[in-house]
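Next come the chains, spelled out residue by residue.
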Amino acid sequence: MNDPRLLGREVQKVANQIRRHMDALLKQFDITSVQGMILLYLHDHSALGDVFQKDLEKAFDLRSSTLTGVLHLMESRGLIYRV
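Since the model is a prediction, treat every value here as computed from it, not as a measurement.

Peer 1: Quick one: what's the story with the pattern of salt bridges, residue by residue and with numbers?
Peer 2: Under the definition given, this model contains 5 salt bridges. When the shortest N-O distance is used, the salt bridge between Arg-5 and Asp-3 registers 3.0 Å. One salt bridge connects Glu-10 with Lys-13, and the closest N-O pair in it is separated by 3.4 Å. Of this pair, Glu-10 and Lys-13 both sit in helix H1 (residues 4-26), 3 residues apart, which is roughly one turn of that helix. Here Lys-13 falls in the partly exposed class, since its relative accessible area comes to 46%.

Peer 1: Give me the packing of aromatic side chains: which residues, what numbers.
Peer 2: This model, assessed by the stated rule, comprises 1 aromatic pair. With centroids separated by 5.7 Å and ring planes inclined at 65 degrees, the aromatic side chains of Tyr-41 and Phe-60 adopt a geometry described as edge-to-face. Of this pair, Tyr-41 sits in helix H2 (residues 33-46) while Phe-60 sits in helix H3 (residues 53-60), and the two are 19 residues apart along the sequence. On the basis of relative accessibility, which here comes to 24%, the residue Phe-60 falls in the partly exposed class.

Peer 1: Give a description of unusual backbone geometry that names residues and reports values.
Peer 2: You will see that Asp-30, though not glycine, has its phi angle at about 60 degrees, which is positive. As for its placement among the helices and strands, Asp-30 is situated in the loop between H1 and H2. Take Asp-30: its relative accessible area is 54%, and that puts it in the exposed class. One non-glycine residue, Asp-61, adopts positive backbone phi at about 50 degrees. Within the secondary structure, Asp-61 is located in the loop between H3 and helix H4 (64-76). Given a relative accessible area of 71%, Asp-61 falls into the exposed group.

Peer 1: Give a description of the layout of surface pockets that names residues and reports values.
Peer 2: Here the largest pocket defines a volume of roughly 490 Å³. Elements that contribute at least two residues to the lining of the largest pocket include exactly H2 and H3. It is H2 that provides the largest number of residues to the lining of the largest pocket, a total of 4 residues. Here the lining of the largest pocket is built from residues that sort into 9 nonpolar, 4 polar and 2 charged.

Peer 1: So what's going on with the nonpolar core? Residues and values would help.
Peer 2: Counting 9 residues, the largest nonpolar core is built from Ile-38, Tyr-41, Leu-42, Leu-56, Leu-67, Val-70, Leu-71, Met-74 and Ile-80. It is H4 that contributes the most residues to this core, 4 residues altogether. Setting aside anything within four residues of it in sequence, one finds Leu-67 in contact with Ile-38, Gln-53, Leu-56, Glu-57 and Leu-62.

About the criteria used
Residues numbered from 1 in each chain as written. Predicted model: local features only at pLDDT ≥ 70, side-chain atom pairs only at ≥ 80, totals over all residues. Heavy atoms only, no water. Salt bridge = Lys/Arg side-chain N within 4 Å of Asp/Glu carboxyl O. Helix = DSSP H or I, 4+ residues; strand = E, 2+ residues; numbered from the N terminus. Buried < 20%, exposed > 50% of the residue type's maximum accessible area, 1.4 Å probe, protein only. Phe/Tyr/Trp six-rings, centres within 6.5 Å; stacked < 30°, edge-to-face > 60°. 1 Å grid on protein atoms, 1.4 Å probe; cavity = no way out; pocket = protein on both sides within 12 Å on 5 of 7 lines; lining within 4 Å. Points joined across faces, edges and corners; volume = space filled by probe spheres on them. Nonpolar A, V, L, I, M, F, W, Y, C, P; charged D, E, K, R; others polar. Core = buried A, V, L, I, M, F, W, Y, C linked by side-chain atoms within 4.5 Å. Contact = heavy atoms within 4.5 Å.

Here it is, written out as structure tokens:
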């Protein structure tokens, strides 16, 4: 596999399969894979101290506006609270 474009496509295919599998597993809790990963991150890191939105942006390589929307939805559904 000498062509980096082929490797990139394969990585994308695997990422899509993982995301679909996670979405299927988390459907019973009515959360998306991104929300599940955020909840897991919060669970693992909140014991170490405060977790800030910037921490999540860096950990998941998400834009601030995207993460704000996800967190707002999670907060409105009672999954998290922000102070």
